[in-house]
Every structure is written in structure tokens, then in C-alpha cells.
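Residue-level structural notes
Residues per chain, in single letters:
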Amino acid sequence: MAIHIERVDLPGIGFRHDLITERGRRISVVSHRDGERDLGIFDFDDPDECRDSIPLNDDEAAALADVLGASVMLSRLTSLSDETAGLFTEQIALPTDSPYLNRTLGDTKARTRTHSSIVAIVRDGAIIPSPTPAEPLRAGDVIVCVGTREGLDGVARLLSNGPG
């Protein structure tokens, strides 16, 4: 399905981006000239009537974008592995006693050692897509990996026990 997004100029205010869902619902983001933004939810029966408007500060807007982005990315990774025989996606919670806790992702050498890729880290409800080797691993991190079943098992062992 093609995604339909409309941009509407709002003279004196800013602009509005409307997303029309597959079911015909309209959700909008109003970006004010002063940098503020509102999330608008429109009436199902009257798509011109905004039923509710929710002001979002910068942190709230960023958190909402992170949550939506994380769920979409994980969903796409899961569907990719569903379509590709022998390729799996897994979320591995970093053990609290991992030898890599508070060390960098690069220290794991996970790709070299397991032939699996760490494609994201989920931290405090936000996603870090394509983390660099310099990304520190923190308590509570969930590591998102793509690889063979054997490789993913290897990542889990590596994060739990170290390279030994």
C-alpha cells in the first residue's frame, strides 16, 4: 500500500502534515513557525474536524518518533526474516553480568566471531539503529541481531560469557 501524506500550509501558523491511514483515518502533525508542534486526531466521519489536538514538546516528539521508528524497524526486520529461509532476527537482552557491560559494541567483535550483525540497540524504549562500534553497551539494552540460527545463538553466548 502506498502511504498518502498531504502537506497543508497554514498561513500565520506554519504547516500541517496529514497521514491518511489504510482505513481512512487522518492523523496530523502541525509544525508551528515558533517550533512547537501538535499531534491532531481527526473525526472518522468528518475528516475535516479535528477531534483532539495534543501539544508535544521537543522531548515528547522525539520519544514518539523513536517509539514509532523502533516498532516499524523491528516489524520490517521480522518480516524480512519471515521471507528469507535461514535468516532470523532476534532480540537479545544484554545480561546484567555480561563481560561487555559498559564496554563498546566493537569490543564484542560479534560480526567477526558469529557472522551475525547487530543492527540496532533498544535502550529505554528508544532505538539506536545501525549502532557504531563505539556505542557503549548499557544495563537494560536489548540487542537486535540478524543472522543464521547458529550465529544468533553465538551472539547470545558471546554477550553472556565473553569470547571464551
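Residues numbered from 1 in each chain as written. Predicted model: local features only at pLDDT ≥ 70, side-chain atom pairs only at ≥ 80, totals over all residues. Heavy atoms only, no water.

1. Side note on the nonpolar core
Counting residues in hydrophobic clusters, the biggest one holds 14 residues, and the most contacted among them are Ile118, Leu137, Ile143, Cys145 and Leu159. At the level of elements, β7 (117–123), β9 (142–147) and α4 (149–161) are the ones that each hand at least two residues to this core. In terms of residue count, the dominant contributor to this core is α4 (four residues). Counting residues in hydrophobic clusters, the runner-up holds six residues, among them Val119, Ala120, Ile127 and Val146. (Core = buried A, V, L, I, M, F, W, Y, C linked by side-chain atoms within 4.5 Å. Buried < 20%, exposed > 50% of the residue type's maximum accessible area, 1.4 Å probe, protein only. Helix = DSSP H or I, 4+ residues; strand = E, 2+ residues; numbered from the N terminus.)

2. Let's talk about the sheet that holds strand β4 (residues 37–42)
With antiparallel pairing, five strands are arranged side by side in an open sheet as β1-β2-β3-β4-β5. If you trace the sheet from one side to the other, it starts and ends with β1 (4–10) and β5 (50–56), each paired once. With strand direction ignored, the average angle separating the axes of adjacent strands in the sheet is 20°. (Pairing = 2+ DSSP bridges. Axes fitted to C-alpha atoms, helices over the stretch in contact; angles between N-to-C directions.)

3. Observations concerning the sheet that holds strand β6 (residues 88–93)
If you walk across this open sheet you meet the four strands as β6-β9-β7-β8, and the pairing is antiparallel. The open sheet is flanked by β6 and β8 (126–129), the only strands paired with a single partner. Taking each pair of neighbouring strands and ignoring which way they run, the sheet shows an average axis angle of 25°. Across six bridges, β6 lies against β9 in antiparallel orientation. By the bridge assignment, Phe88 is partnered in β9 with Gly147. Along the sheet, α4 makes contact with β6 and β9, crossing β6 at roughly 10°. (Contact = heavy atoms within 4.5 Å.)

4. With respect to the pattern of salt bridges
Scanning all chains against the criterion turns up nine salt bridges. In this structure, Asp18 engages Arg26 in a salt bridge whose closest nitrogen and oxygen atoms are separated by 2.9 Å. Judged by its relative accessible area of 0%, Asp18 is buried. The closest approach of N and O atoms between Glu90 and Arg149, which form a salt bridge, is 2.6 Å. (Salt bridge = Lys/Arg side-chain N within 4 Å of Asp/Glu carboxyl O.)

5. Some points on the packing of aromatic side chains
Tallied over the entire structure, the rule returns zero aromatic pairs. Across the ring face of Phe88, the terminal group of Arg149 is positioned such that the distance to the ring centre comes to 5.8 Å. (Phe/Tyr/Trp six-rings, centres within 6.5 Å; stacked < 30°, edge-to-face > 60°. Lys NZ or Arg CZ within 6 Å of the ring centre and 35° of its normal.)

6. Some points on the pairing of β9
Counted residue by residue, β9 has five buried out of six residues, so it is predominantly covered. In this sheet, β9 lies alongside β7 in antiparallel orientation, the contact comprising five bridges. Residue Ile121 lies in a different strand from β9, and its bridge partner there is Ile143.

7. Notes on the side chain of Arg26
Relative to the assigned elements, Arg26 resides in strand β3 (residues 26–32). Here the side chain of Arg26 touches Asp18 through a polar contact of 2.9 Å, side chain to side chain. (Polar contact = N/O pair within 3.5 Å; in protein donor to acceptor, adjacent residues only side chain to side chain.)

Any functional reading would require information that these geometric values do not contain.
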